[in-house]
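# Descriptive structure summary
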Amino acid sequence: MRLNSLKDLYISELEDIYDAENRMMKVLPKLAKACSRDELKSVFHEQLDTTRRQQERLERIFGMLDRKPSKRKCDGIRGIIDESQEFLGNSADPRVLDAAIITSTQRLKHYEMCVYGCLRSFAQTLGFKDQADLLQETLDEEGDTDHRLTNIAESVNMQAVL
């Protein structure tokens, strides 16, 4: 896609994050399965539902733009997911593995927060208030998950000290 306008960039980034959300749907169950703490498993199961809602919001935004939802390969999220997968094949102590999973998941959340923050700003600038509101809702959810993971990490990290 040629980027001749802010709207072109906006659509390109929407396609990128749509692919990222689809990739998250595939990795979240694997992360949940690898966790040893029920509290952490719960976050991942809830995040799966949240990610579905976020995909639906993106589909609504594509509809508002009279476009079909499409994906542009998101190399950024793919790299972060690939790194997180490395931990899953490791025979680490479960407490350390939980800390590693939280770390990689927070990388994913921060990537998403960055993209959603930019998208919200683009939508506001382009005068797409309804879309900006939808993007803000997703941004808030990502921030909430990040805070929950930080709170869990405080106890996980203490237990991971061997």
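Residues numbered from 1 in each chain as written. Predicted model: local features only at pLDDT ≥ 70, side-chain atom pairs only at ≥ 80, totals over all residues. Heavy atoms only, no water.

## Some remarks on the side chain of Gln-55
Tracing the backbone through its elements, the reader meets Gln-55 in helix 2 (residues 38-64). Judged by its relative accessible area of 11%, Gln-55 falls in the buried class. With residues up to four places along the chain from it excluded, the contact list for Gln-55 reads Tyr-18, Glu-21, Asn-22 and Met-25. (Helix = DSSP H or I, 4+ residues; strand = E, 2+ residues; numbered from the N terminus. Buried < 20%, exposed > 50% of the residue type's maximum accessible area, 1.4 Å probe, protein only. Contact = heavy atoms within 4.5 Å.)

## Some details on the nonpolar core
Ranked by internal contacts, the top residues of the largest apolar core, which has 45 residues, are Tyr-10, Leu-14, Phe-44, Leu-119 and Leu-135. Contributions of two or more residues to this core are made by helix 1 (6-34), helix 2, helix 3 (75-88), helix 4 (94-125) and helix 5 (129-160). A per-element tally of this core places helix 1 first, with 12 residues. (Core = buried A, V, L, I, M, F, W, Y, C linked by side-chain atoms within 4.5 Å.)

## Here we look at the pattern of salt bridges
Scanning the entire structure with this criterion turns up 14 salt bridges. Of the charged contacts in the structure, one is a salt bridge between Glu-15 and Arg-67, with a shortest N-O distance of 3.7 Å. Residue Glu-15 is located in helix 1, and its partner Arg-67 is located in the loop between helix 2 and helix 3; the two are separated by 52 residues in the primary sequence. Look at Glu-15 and you get buried, because its relative accessible area is 9%. Between Arg-37 and Glu-39 there is a salt bridge whose closest N-O contact spans 3.1 Å. Given the relative accessible area of 19%, Arg-37 is considered buried. On the basis of relative accessibility, which here comes to 41%, the residue Glu-39 falls in the partly exposed class. Linked through salt bridges whose partners overlap, the residues forming this network are Arg-53, Arg-57, Glu-137 and Glu-141. (Salt bridge = Lys/Arg side-chain N within 4 Å of Asp/Glu carboxyl O.)

## With respect to the packing of helix 3 against helix 4
Between helix 3 and helix 4, the least distance of the axes is 10 Å, while the angle of their chain directions is 175°. Classified by the angle between their axes, helix 3 and helix 4 sit roughly antiparallel to one another. Within the contact between the two elements, helix 3 uses Gly-76, Ile-77, Ile-80, Ile-81, Glu-83, Ser-84, Phe-87 and Leu-88 and helix 4 uses Leu-97, Ala-100, Ile-101, Ser-104, Arg-107, Leu-108 and Tyr-111. Of the residues assigned to the contact of helix 3 with helix 4, the class counts are 10 nonpolar, 3 polar and 2 charged. (Axes fitted to C-alpha atoms, helices over the stretch in contact; angles between N-to-C directions. Parallel < 35°, antiparallel > 145°, perpendicular 65-115°, else oblique. Nonpolar A, V, L, I, M, F, W, Y, C, P; charged D, E, K, R; others polar.)

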